[in-house]
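Tertiary structure, described
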Amino acid sequence: MPFSATGLPALLLNAIAERGYTQPTPIQAEVIPAMLQGRDVLAMAQTGSGKTAAFCLPLLAHFLQHQADKKSGSERVVQSLILVPTRELADQVGEQLRRLSDAFPHRPKLAVLYGGIAINPQMMHLRGGADIVVATPGRLLDLASKNAIKLTHIKHLILDEADRMLALGFAEELKAVFQLLPAQRQHGFFSATFAEHVATLADHILHNPLRLSIVNDEASKPDIAQRAIVVQANARTQLLKHLFQSEKWSRAIVFVATKYAADLVADKLRRARISAEAFHGEQTQGKRTQVLADFKAARVKIVVATDVAARGIDISQLPVVVNYDLPRSADDYLHRIGRTGRAGASGLAVNFICADAASEAHFRLIERRHQLSLTREHIPGFIAPDPELNNMQQTTPIDPNGGVKGKRPSKKDKLRAQLAMQQLMQEPSS
Ligand code: AMP
């Protein structure tokens, strides 16, 4: 199906061609016509599926229509609101909107609003209104309470990464935002996972939505090779250096569990003369922006990040993602590895599994959730000294009940596995 069959106007078809998109991704082919017709949409789609353009394009088409209909001299009102969970995602969505509307004779006024930076410039920018707003819920409410923004004319509301937004505890803020909006509006809810709280919210808010699940669609699945390497915990940085150099990775994102670990690992890599930077929530926004810019420009080769970076970063041609620490939840696994294999490029996701029963049990749960069964690799010089454990990790098939066949777990093993299970079931947080 060509883009021209989706019903988008010529100005946007030109912008799409300019961006080098030749045909709609599966989610775009479904969402664009539905949203152009004013239908609500509930779409489960992984990052990398083209979901951002799937909602940006119809919103821009609605903007063009509104421009054509409006009387000259009438005031500018916010027609479209896109709510996102993180600053990085807000910037990324804003950037897509900007690029797609760059060649319009009258470009929409965009406002990208999030916390962690001064509010005054945002208030100044909002003077005279805006056409399309991308915002995190908290800062949007702050601005609304200061009368810097009016949401009474919103016709289209998008929730991007709805699952993440609810997991990050934005439910109350969302409710408060909904109360500021007119009752008559179109909705597009996008979520990487179909968590129960997303379904409940959708049931309350959406009207007869087009329901889509692109998550398991082979055609839209990014091409990501996944590996699992068993390694002694204290040999992980060495292994990372070894892989980076011997496999000639051009760039990589390395995920760790804590801000402290991000700083430490980045520091160790720099001492080994690999240009590396940490990326985490305790850095200033300026620092984070700088690290991403350096990474995009390949001045930095490895970014060592906490899960704050797992969402919303769109770096095309990012070849490798490393789980130095395993993600806490199976959902986070998906979001982390989704940093690679984007826009049709192939990618590699490498998991470091520490040589202990808890790590193994934890990774098996992730495998089970994603119907994976990765061969455990052992690289000489980095493998665990415990031959029994090595043997178990090398040869044991996955037990559908979650246990480890062929080895009776000790009390300690059971406790560890229980802990791993609890961690996995916890809501992810950044
Ligand atoms: P997203 O899932 O929205 O994060 O998009 C992932 C990447 O796919 C981004 O780099 C987009 O620029 C790119 N992309 C979006 N739509 C298309 C398309 N129809 N053809 C090729 N690339 C696309």
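You'll find the structure just up there.
Read on for a plain summary of the structure.

With that settled, consider the overall build of the protein. Broken down by element type, the protein carries 16 helices and 14 strands. Counting only residues that meet the buried cut, the protein has 54% of its 430 residues in that class. Taking the intrachain contacts of the protein between residues at least 6 apart in sequence as the baseline, contacts between residues at least 24 apart amount to 74%.

Across all of its chains, the model carries 23 salt bridges by this definition. Where R107 meets D102, a salt bridge forms, and the shortest distance between an N and an O atom there is 3.4 Å. D102 gets classed as partly exposed once you look at its relative accessible area, which sits at 46%. When the shortest N-O distance is used, the salt bridge between E360 and R376 registers 3.0 Å. Taken together, the residues span a long stretch of sequence, with E360 in helix α14 (residues 357-369) and R376 in strand β14 (residues 376-378) at a distance of 16 residues. Here the salt bridges do not stand alone but share partners, grouping D267, R270, R271, E277 and K287 into one network.

On the secondary structure map, S80 appears in strand β2 (residues 80-83). S80 gets classed as buried once you look at its relative accessible area, which sits at 1%. Excluding anything up to four places from it in sequence, S80 contacts L59, D131, I132, V133, I154 and H156.

Moving on: unusual backbone geometry. Phi is positive for E161, close to 55°, though the residue is something other than glycine. Its place among the elements puts E161 in the loop between β5 (156-159) and α7 (162-167).

What follows concerns helix α2 (residues 26-36). Listed as buried for α2 are I27, Q28, V31, I32, P33, A34 and M35. For α2, the elements touching its buried residues are β1 (41-44), α3 (51-69), β5, β6 (186-191) and β7 (210-213). Positive phi appears at G38, one or two residues downstream of α2, with a value of about 90°.

As a further point, take the site of the ligand. Contacts to the ligand come from 16 residues, most closely from Y21, Q28, G48, G50 and T52. At 3.3 Å, a backbone N or O of K51 approaches an oxygen atom of the ligand. With respect to the ligand, the side chain of T52 contributes an N or O atom lying 2.5 Å from an oxygen atom. Each residue belonging to the shell around the ligand can be placed in one class, and the counts come to three nonpolar, ten polar and three charged. The residues that make up the shell around the ligand include at least three from each of domain 1 (3-217 + 420-425) and domain 2 (222-395).

Take the side chain of R336 next. Within the secondary structure, R336 is located in helix α13 (residues 330-337). On the basis of relative accessible area, R336 is assigned to the buried category, the value being 1%. A polar contact of 2.8 Å, which involves the side chain of R336, links it to the backbone oxygen of D325.

Strand order in the open sheet formed by seven strands is β3-β4-β2-β5-β6-β1-β7, with parallel pairing between adjacent strands. Strands at the two margins of the open sheet, each flanked by one partner only, are β3 (110-113) and β7. Each strand of the sheet is rotated relative to its neighbour by a mean of 10°, with strand direction disregarded. Note that β2 and β5 share four bridges and pair parallel. For L83, the partnering residue across the bridge sits in β5 and is L159. Against the sheet, α3 contacts β2, β4 (132-135), β5 and β6, and its axis sits at roughly 170° relative to β5.

Secondary-structure assignment places E18 in helix α1 (residues 10-19). Once the C-alpha coordinates of E18 and R99 are considered, the two residues, 81 residues apart in sequence, prove to be 9.5 Å apart.

To continue, consider the pairing of strand β10 (residues 276-279). Looking at chain direction, β10 and strand β11 (residues 302-305) are connected through four bridges and run parallel. What sits directly across from A278, in β11, is V304. Remark: the β10/helix α12 (residues 285-296)/β11 crossover connection has right-handed handedness.

Think of a pair of aromatic rings as described by two things: how far the centres are apart, and how the planes are tilted against each other in angle. Across all of its chains, the model carries four aromatic pairs by this definition. Aromatic pair Y324 and F352: ring centres 6.0 Å apart, planes at 45°, arrangement tilted. Here the residue Y324 occupies a position in the loop between β12 (320-323) and α13, and F352 occupies one in strand β13 (residues 346-354), the gap between them amounting to 28 residues. Residues Y324 and F352 agree in their burial class; the two are buried. Plain terms: the ring middles of Y333 and F363 are 6.2 Å apart, the flat faces sit at 75° to each other, and that makes the pair edge-to-face. One end of the pair, Y333, is in helix α13; the other, F363, is in helix α14, and 30 residues separate them in sequence. What makes Y333 buried here is its relative accessible area of 0%. Looking at R251, its charged tip hangs above the ring of F295, at a distance of 5.2 Å from the centre. The side chain of R288 reaches across the aromatic face of F279, ending 5.6 Å from its centre.

Cut-off values and rules
- Residues numbered from 1 in each chain as written.
- Predicted model: local features only at pLDDT ≥ 70, side-chain atom pairs only at ≥ 80, totals over all residues.
- Heavy atoms only, no water.
- Helix = DSSP H or I, 4+ residues; strand = E, 2+ residues; numbered from the N terminus.
- Buried < 20%, exposed > 50% of the residue type's maximum accessible area, 1.4 Å probe, protein only.
- Contact = heavy atoms within 4.5 Å.
- Salt bridge = Lys/Arg side-chain N within 4 Å of Asp/Glu carboxyl O.
- Near = heavy atom within 4 Å.
- Polar contact = N/O pair within 3.5 Å; in protein donor to acceptor, adjacent residues only side chain to side chain.
- Nonpolar A, V, L, I, M, F, W, Y, C, P; charged D, E, K, R; others polar.
- Domains from an automatic or database assignment.
- Pairing = 2+ DSSP bridges.
- Axes fitted to C-alpha atoms, helices over the stretch in contact; angles between N-to-C directions.
- Right-handed = clockwise from strand over helix to strand, strands pointing away.
- Phe/Tyr/Trp six-rings, centres within 6.5 Å; stacked < 30°, edge-to-face > 60°.
- Lys NZ or Arg CZ within 6 Å of the ring centre and 35° of its normal.

Fair warning: the whole summary comes from geometry, so function is off the table for now.
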